[in-house]
Amino acid sequence: MDISTDRSRTTPVASPPSATPPVSGAAERRLSFPVAGLSCASCVTRVERALSGLPGAREVSVNLATGRAALTRSGSGPADIAGPAEIAGAVAGAGYAVPDVTTRLRLDGLSCASCVVRVERALAGVAGVGEVSVNLATGEAQVRHPDGLVTAGDLVEAVRAAGYGASPAPEAGAGDREARQALEARSLRRDLVAAALLSLPIVVLDMGGHLVPRLHGAVPGAAYLQAALATLVLAWPGRRFFLLGLPGLLRGHPDMNALVALGSGAAYLYSLAATLAPGLLPAGTAHLYFEASVLIVTLILLGRTLEARAKGRTGAAIARLMNLAPKTARVVRDGAETEVPLASLKRGDVVRVRPGERIAADGTVVAGTSYVDESMVTGEPAPVAKRAGSATVGGTVNGQGSLDLRVGSVGAETVLAQIVRMVETAQGAKLPIQALVDRVTGRFVPAVIGLALVTFLAWLAFAPAPALGHALVNAIAVLIIACPCAMGLATPTSIMVGTGRAAEQGVLFRNGTALQALRDVRVVALDKTGTLTEGRPTLTDLVPAPGFGDEAVLAAIAALESRSEHPIARAVVAAARARGLALPDPEAFETVTGYGIAGRVAGRDVAIGARRYMERLGVATDSLAAEAAGLAASGRSPLYVAIDQRLAALVAVADPVKAGAAEAVTALRAQGLVVAMVTGDDRRTAEGVARALGIAEVAAEVLPGGKVEAVQRLRAAHGAVAFVGDGINDAPALAEAEIGLAIGTGTDIAVESADVVLMSGDPGALVEAFSLSRAVMRNIRQNLFWAFAYNVALIPVAAGVLTLVGGPALSPVLAAGAMALSSFFVVGNALRLRRAGGRGAAASGARAALVERPA
């Protein structure tokens, strides 16, 4: 079953960059884009007619075979040329659609939250672009736009115009990200070592004179030596701040690099003037601040280095997932084994997996038996038996047996690749809480520069002479202390670590917003069959009505049920075969949705279903009503059988409650959640299961469409609803609820309508999802509090407010150290989420062993 990362297609590398920029002036541009819904020649005509009517559109063509349209846009100005939104609207007006895609971009030059805001604004300003999300922690952007109408080149050009670097992200996003983070960490470490070695003599010369007054003047030309070393620090390891910060400052969009460049540059230039031309400065103010300028650079590089190392660990979970796939596979061709690179596998190849090896690809076992550790998919440590016909998932670990499997999916189609894409999508998401941060940080850096200027002028105006040095020092401290790095990292680092940890527990968030929405849920509505129960019912009772024999009835209904894939049908057929009954082929078969099935077997009309189906058919059930009530009270599901419009029998099936279901319900209630069951099963049966599990609210005998109404009633009574189901029959309810959670096992899972996927069938995974959501949101609040409180508390201190009451001043050096530690604190706090959750030490240990075991 396909696991989708988005409800529209996601393209790591979108269409090739355009040769021309987005429409401007008289630019001419040829566009080619897909059109969904084309089915005949008249469709082509309608779309061509709609596109031909657009301003500036010519050479319009629509190809039914490829499902694509093409047109050339030209005109004397933007007003004369249809934009992407108009083109998509024209296609929609004709009754078709241009599908959206999500393009991932790799960004260079991001350093703080204000950079994120500017890049998002630049991307959102590209005509046709819908949603935009820029993630500081990953250094990537996700942009949703109509396929073919906006290209990767348009997006890259917009980012570059904003002053940053961009390129389409390659397919292996996580591996590429890991390599880039390692390269950045090495570069920062190299610059840190250079800055520290060059700064040390300056600190010794300056601070030594304060500690031992006799050293003042003991080193000939000490000021010139400090100037030379400081020049090297700023021009070599510190150049990154000036190269990135000054262009943004000149464009009127300063960022964290601009603050560092202003602070260290001001201290350096002032000191240089005091060294080379002291007469230009007021008497008594020709002080040297070279040590401040170089220590600002050194300490901030130290913080960035620590931050880069910590950020590298935030994506550790997804990196481990990617490393689960083996590098090679052993293909069986003409009876001989040949080891080939994994990338060369093709669908249909037969692969041999020896004991203890990782399974190379998704496929089906064709020979051999074994037990396979699938905990990387399900989060459950218990090995799963595999035999001919069993499905396999690439990256899982084979046990003691040998298996031959036929490859079914390769590359990006495998479950592992789809899991990685899903986690990447969630990690790149922007939570609603981030909107507040964006509004604040968008204006924060200009405000800080303004505060620094006010601080400088206030000290000049009100401080006793000579005040110039004090004014400069305090203004620099304000610039440095207020860098908004921690604000930009507060949310994305927590999301990255939290979603990675969730993936290790078998909980996949299809989008990051589900993390926040899950925290706000007040009621959990659970489907019964397959969610709280095993979904594998067995026939427990057959009570024939007078005039009917049990074997004859069982043979008739089993023959009819053999055409159905419902779990109850399989239970009935299995019971008939266990008795050795011959099953004739049905002459007719019909499924009556929400009621039962009907058909014709051996010349007789047979119908099977709940009591409401018998009432619909006009078949009286009174004679077996007492038996049905007793069976339902014991937790079994009674079904009536009618043959030739007469009540023929009552059959009952029992679906055992899953191990851990009662504990999961208890844990959810302990978290203050209302737990309800929504099922189409008989009311008495549902209430019997609910009593055993401790569920007070039950909506039973609900038709598939009625589950949406049940969700609406629960919302009106209690608040936000999370619906938990199998993701197939429950799709409308999953979509209606604030949060939809699909529960299933391994590859047999449908998630198109769900926000969260619980890869195992263990109800404990549901508790895990809620616990992780709350842990992540709590961590984000802690990070945001630290980031904002830190700035609110220390900006006045840096400005020198405490000196008014005899308190200390904050030097630029201490400000740089405090700023660097603030970012490191935020990332370090997020890393604590790697220990969050966990359904038992044994399971956690098994998962850890799995992800750490070499391929």
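Reading guide: rules and limits
- Residues numbered from 1 in each chain as written.
- Predicted model: local features only at pLDDT ≥ 70, side-chain atom pairs only at ≥ 80, totals over all residues.
- Heavy atoms only, no water.
- Helix = DSSP H or I, 4+ residues; strand = E, 2+ residues; numbered from the N terminus.
- Buried < 20%, exposed > 50% of the residue type's maximum accessible area, 1.4 Å probe, protein only.
- Contact = heavy atoms within 4.5 Å.
- Areas by Shrake-Rupley, 256 points an atom, 1.4 Å probe, with all protein chains shown as cover.
- Phe/Tyr/Trp six-rings, centres within 6.5 Å; stacked < 30°, edge-to-face > 60°.
- Lys NZ or Arg CZ within 6 Å of the ring centre and 35° of its normal.
- Pairing = 2+ DSSP bridges.
- Axes fitted to C-alpha atoms, helices over the stretch in contact; angles between N-to-C directions.
- Core = buried A, V, L, I, M, F, W, Y, C linked by side-chain atoms within 4.5 Å.
- UniProt positions renumbered as here; feature names shortened; annotations may be inferred.
- Expected span 1.5 Å × (residues − 1).
- Salt bridge = Lys/Arg side-chain N within 4 Å of Asp/Glu carboxyl O.
- Patch = residues over 30% accessible without salt bridge, like charges linked within 9 Å, V, L, I, M, F, W, Y side chains within 5 Å.
- Lys, Arg positive; Asp, Glu negative; His and termini not counted.
- Charge placed at Lys NZ, Arg CZ, Asp CG, Glu CD.

**Considerations on the overall build of the chain**
Here comes step 1: From N to C terminus, the chain includes 27 helices and 30 strands.
Here comes step 2: For the chain, the residues scored as buried account for 54% of the 855 residues in total.
Here comes step 3: Here the analysis covers contacts within the chain between residues at least 6 apart in sequence; of these, 71% occur between residues at least 24 apart.
Here comes step 4: In the structure as shown, the chain presents an accessible area of about 34,300 Å², 60% of it carried by carbon and sulfur atoms.

**A look at the side chain of Thr455**
Here comes step 1: Positionally, Thr455 belongs in helix 13 (residues 434-462).
Here comes step 2: With relative accessibility at 9%, the residue Thr455 sits in the buried group.
Here comes step 3: Filtering out sequence-adjacent residues up to four positions away, Thr455 remains in contact with Asn474, Ala475, Val478 and Ala799.

**Structural notes on the packing of aromatic side chains**
Here comes step 1: Here the structure, examined in full by the defined rule, presents 4 aromatic pairs.
Here comes step 2: Relative to Phe825, the ring of Trp786 has its centre 4.5 Å away and its plane inclined at 35°; by these criteria the two rings are tilted. Remark: Phe825 occurs in helix 26 (residues 812-831) and Trp786 occurs in helix 25 (residues 764-799); sequence separation between them is 39 residues.
Here comes step 3: On the accessibility criterion, Trp786 (32% relative accessible area) is partly exposed.
Here comes step 4: Above the face of the Tyr595 ring, Arg612 is positioned so that its terminal group lies 5.8 Å from the ring centre.
Here comes step 5: For Arg616, the ring lying beneath its charged end belongs to Tyr595, and the centroid distance is 4.6 Å.

**Remarks on the sheet that holds strand 4 (residues 68-73)**
Here comes step 1: Reading across the sheet, the 3 strands line up as 2-4-3 and stay open at both edges, with antiparallel pairing between neighbours. What marks the edges here is a single partner per strand, and that holds for strand 2 (29-34) and strand 3 (57-63). Direction aside, neighbouring strands of the sheet carry axes that sit 15° apart on average.
Here comes step 2: Sheet topology note: the strand 2/strand 4 ladder contains 6 bridges and is antiparallel. The partner of Leu31 across the bridge, within strand 4, is Leu71.
Here comes step 3: Across the sheet, helix 1 (residues 41-52) lies against strand 2, strand 3 and strand 4, angled at about 165° from strand 3, the strand it touches most.

**Things to note about the nonpolar core**
Here comes step 1: Among the nonpolar cores identified, the biggest contains 142 residues, and Leu123 and Leu741 are the most heavily contacted of them.
Here comes step 2: By residue number, the principal contributor to this core is helix 25, which donates 17 residues.
Here comes step 3: Not counting the four nearest positions on each side in its chain, Leu741 is found in contact with Leu518, Ala722, Phe723, Val724, Gly725, Leu734, Ala754, Val756, Leu758, Leu766 and Ala769.
Here comes step 4: Listed in part, the 43 residues of the second largest apolar core include Leu539, Val601, Val641 and Ala642.

**A closer look at the sheet that holds strand 14 (residues 384-386)**
Here comes step 1: Read across the open sheet, the 3 strands follow the order 14-13-16; overall the sheet is antiparallel. Looking at the sheet topology across the chains shown, the edges are occupied by strand 14 and strand 16 (397-398).
Here comes step 2: Direction of pairing for strand 13 (residues 370-373) relative to strand 14: antiparallel, over a ladder of 3 bridges. Pairing of Val372 across the sheet is with Val384, part of strand 14.

**So, the UniProt feature "transmembrane region" (unreviewed entry) in the chain**
Here comes step 1: UniProt marks residues 192-212, 218-237, 258-280, 286-303, 444-462, 468-491, 784-807 and 813-831 with the feature "transmembrane region" (unreviewed entry), using the numbering shown here.
Here comes step 2: Segment residues 784-807 splits into 67% helix and 0% strand. End C-alpha atoms: 28 Å apart.
Here comes step 3: As annotated, residues 813-831 has a helix share of 100% and a strand share of 0%, and its two end C-alpha atoms lie 27 Å apart.

**A few points about helix 3 (residues 113-124)**
Here comes step 1: With 12 residues, helix 3 should reach 16 Å at 1.5 Å per residue; the first-to-last C-alpha distance of 17 Å fits that figure.
Here comes step 2: Residues of helix 3 that are buried: Ala113, Ser114, Cys115, Val116, Val117, Arg118, Val119, Glu120, Ala122 and Leu123.

**Concerning the environment of Ala196**
Here comes step 1: Examined against the element boundaries, Ala196 turns out to sit in helix 5 (residues 173-211).
Here comes step 2: Judged by its relative accessible area of 34%, Ala196 is partly exposed.

**Looking at the environment of Met256**
Here comes step 1: Locating Met256 in the fold gives a position in helix 8 (residues 256-276).
Here comes step 2: Note: C-alpha distance between Met256 and Cys485 (229 residues apart in sequence) is 7.1 Å.
Here comes step 3: Those residues in contact with Met256 that lie beyond four places of it in its chain are Ser111, Cys112, Ser114, Phe241, Ile300, Arg304, Cys483, Pro484, Cys485 and Met819.

**Points about the pattern of salt bridges**
Two side chains of opposite charge can pair, provided their charged atoms sit close to one another.
Here comes step 1: Under the defined criterion, the tally for this structure stands at 25 salt bridges.
Here comes step 2: Across the salt bridge formed by Glu59 and Arg30, the nearest N and O atoms sit 3.7 Å from each other. Taken together, the positions of Glu59 in strand 3 and Arg30 in strand 2 put the pair 29 residues apart, joining distant regions of the chain.
Here comes step 3: Using a relative accessible area of 49% as the deciding quantity, one classes Glu59 as partly exposed.

**Section: unusual backbone geometry**
A negative phi angle is the norm for most residues apart from glycine, just as the trans form is the norm for most peptide bonds.
Here comes step 1: Along the chain, Ala465 connects to Pro466 via a cis peptide bond; the corresponding omega equals -5°.
Here comes step 2: Positionally, Pro466 belongs in the loop between helix 13 and helix 14 (468-481).
Here comes step 3: Of note, Gln645 is a non-glycine position whose phi angle comes to about 65°, a positive value.
Here comes step 4: Along the polypeptide, Gln645 turns up in the loop between strand 24 (637-643) and strand 25 (646-654).
Here comes step 5: Using a relative accessible area of 53% as the deciding quantity, one classes Gln645 as exposed.
Here comes step 6: One non-glycine residue with positive phi stands out, namely Glu701, at about 55°.
Here comes step 7: Looking at where Glu701 falls in the secondary structure, it is placed in the loop between strand 27 (697-699) and helix 23 (706-718).
Here comes step 8: Take Glu701: its relative accessible area is 34%, and that puts it in the partly exposed class.

**Description of the pairing of strand 28 (residues 721-725)**
Here comes step 1: Judged by how many residues are buried, strand 28 sits mostly within the fold: 5 of 5 residues are covered.
Here comes step 2: Neither face of strand 28 is left uncovered, since the one carrying Val721, Phe723 and Gly725 and the one carrying Ala722 and Val724 both have all their residues buried.
Here comes step 3: Sheet topology note: the strand 19 (residues 523-526)/strand 28 ladder contains 4 bridges and is parallel. Each bridged residue has a counterpart across the sheet, and for Leu526 the counterpart in strand 28 is Val724.

**Focus on a positive patch on the surface**
Here comes step 1: Positive charge collects at one region of the surface, where Arg186, Arg189, Arg190, Arg239 and Arg309 lie side by side.
Here comes step 2: Sort the elements by how many residues they give to the positive patch and helix 5 lands first, with 3 residues.
Here comes step 3: Within the fold, Arg309 resides in helix 9 (residues 290-314).

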